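Chain by chain, the residues run as shown.
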Amino acid sequence: MLSRRIFGFPGFGGRNPFVEMERMRRQMDALSELMFRGVPARGPDAAGVFPLINLTENQRHYVLRTELPGLKATDLEIQVRGRNLTISGERRISSEGKNVKYHRSEREAGAFSRIVNLPGEIDAEKVEANMTNGLLTVTLPKSEAAKPRQISIK
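If you're wondering where the values come from, they're calculated on a predicted model, not measured in any experiment. Throughout, residues of each chain are indexed from 1 in the direction in which the sequence is written. The predicted origin of the model limits local features to residues at a pLDDT of at least 70 and limits the giving and counting of side-chain atom pairs to 80 or more, whereas totals for whole chains, interfaces and linings rest on all residues. By convention in this description, side-chain values take in all heavy atoms of the structure and omit both hydrogens and water.

1. Considerations on the overall build of the protein
Here a helix means four or more residues in a row that DSSP labels H or I, a strand means two or more in a row labelled E, and each is numbered from the N terminus. Each helix and strand counted, the protein has 2 helices and 7 strands in total. N-terminal to C-terminal, the α/β element order of the protein is α-α-β-β-β-β-β-β-β. Only protein chains enter the area calculation, which uses a 1.4 Å probe; residues under 20% of their type maximum are buried, those over 50% are exposed, and those in between are partly exposed. Scored against the burial criterion, the 154 residues of the protein give a buried share of 19%. Across the protein, contacts joining residues at least 24 apart in sequence account for 54% of those joining residues at least 6 apart. Here the Shrake-Rupley method, with its probe set to 1.4 Å, supplies the accessible areas, and only the displayed protein chains count as covering residues. Carbon and sulfur atoms make up 53% of the accessible area of the protein, which amounts to about 12900 Å² in all. Contacts: residue pairs with any heavy atoms within 4.5 Å of one another.

2. Re the packing of aromatic side chains
Stacked, tilted and edge-to-face pairs are distinguished by plane angle, under 30 degrees for stacked and over 60 for edge-to-face with tilted covering the rest, among Phe, Tyr and Trp rings (Trp via its six-membered ring) whose centres lie within 6.5 Å. On inspection of all chains with the given rule, the structure shows 0 aromatic pairs. Positioned over the ring face of Tyr62 is Lys142, at 5.1 Å from the centre of the ring. Sitting over a ring, as applied to charges here, requires NZ of Lys or CZ of Arg to be within 6 Å of the ring centre and within 35 degrees of the ring normal.

3. Topic: the pairing of strand 3 (residues 76–81)
In this analysis, strands are considered paired if DSSP registers two or more bridges between them. Direction of pairing for strand 3 relative to strand 4 (residues 84–91): antiparallel, over a ladder of 6 bridges. Residue pairing in the sheet places Arg81 in a bridge with Asn84 of strand 4. Remark: 2 residues form the turn of the hairpin made by strand 3 and strand 4, two consecutive strands paired antiparallel; Gly82 in that turn has positive phi of roughly 65°.

4. What to know about the side chain of Ser143
Turning to its location among the elements, Ser143 is positioned in the segment after strand 7 (135–141). Ignoring sequence-local partners within four residues, the contact set of Ser143 consists of Glu121, Ile122 and Asp123.

5. What about the environment of Pro141?
Tracing the chain through its elements places Pro141 in strand 7. Judged by its relative accessible area of 10%, Pro141 is buried. Put simply, Pro141 and Val127 are 14 residues apart on the chain and 6.4 Å apart in space, counted from C-alpha to C-alpha. What Pro141 contacts, discounting residues up to four positions off in sequence, is Arg60, His61, Ile122, Asp123, Lys126 and Val127.

6. Quick word on the side chain of His61
Residue placement: His61 occurs in strand 2 (residues 61–67). Among residues more than four places away in sequence, those in contact with His61 are Thr56, Thr139, Leu140, Pro141 and Lys142.

7. A short note on the sheet that holds strand 3
Sheet architecture is open: 3 strands sit in the order 3-4-5, paired in antiparallel fashion. The open sheet terminates on both sides in strands that have one partner only, identified here as strand 3 and strand 5 (110–117). When the angles between neighbouring strand axes are averaged without regard to direction, this sheet yields 15°. The sheet contact formed by strand 4 and strand 5 spans 8 bridges and is antiparallel. The partner of Ile87 across the bridge, within strand 5, is Arg114. Between the N-to-C directions of two axes lies an angle of 0 to 180 degrees, each axis being a line fitted to C-alpha atoms and, for a helix, fitted only over the stretch in contact.

Bear in mind that shape data such as this cannot, by itself, settle questions of function.
Structure below.
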């Protein structure tokens, strides 16, 4: 009782302690959202993660698929170096005009480059790329050393 009167413990001067905890929780949520989502970047060198990719694997190949709407095969450059695959290019969006008022502008234009670290060794001489209706498919054959081998039991 004496500590309660002198130091105001565990009470907080008539305030509800859960109000302060709720305020701190909201601040922590906002901070973690910024950390994991990142501050929205805008500007000439600001690029999100584009293009989005799917990388799958079977016994013989790795297959990378990505959607690149509006781009032509001639607008892309694909390179393989070691276990890294690089896809780069430039997405251009035509201007709507000078006297246009945008209500929403989410499509970004500009140069992009994605480097994908492959999970295993590949045969760089046999890599194939195909682009159909804005869907890029890159087939990366595994090297002979990376392919699983069936071991017979004697």
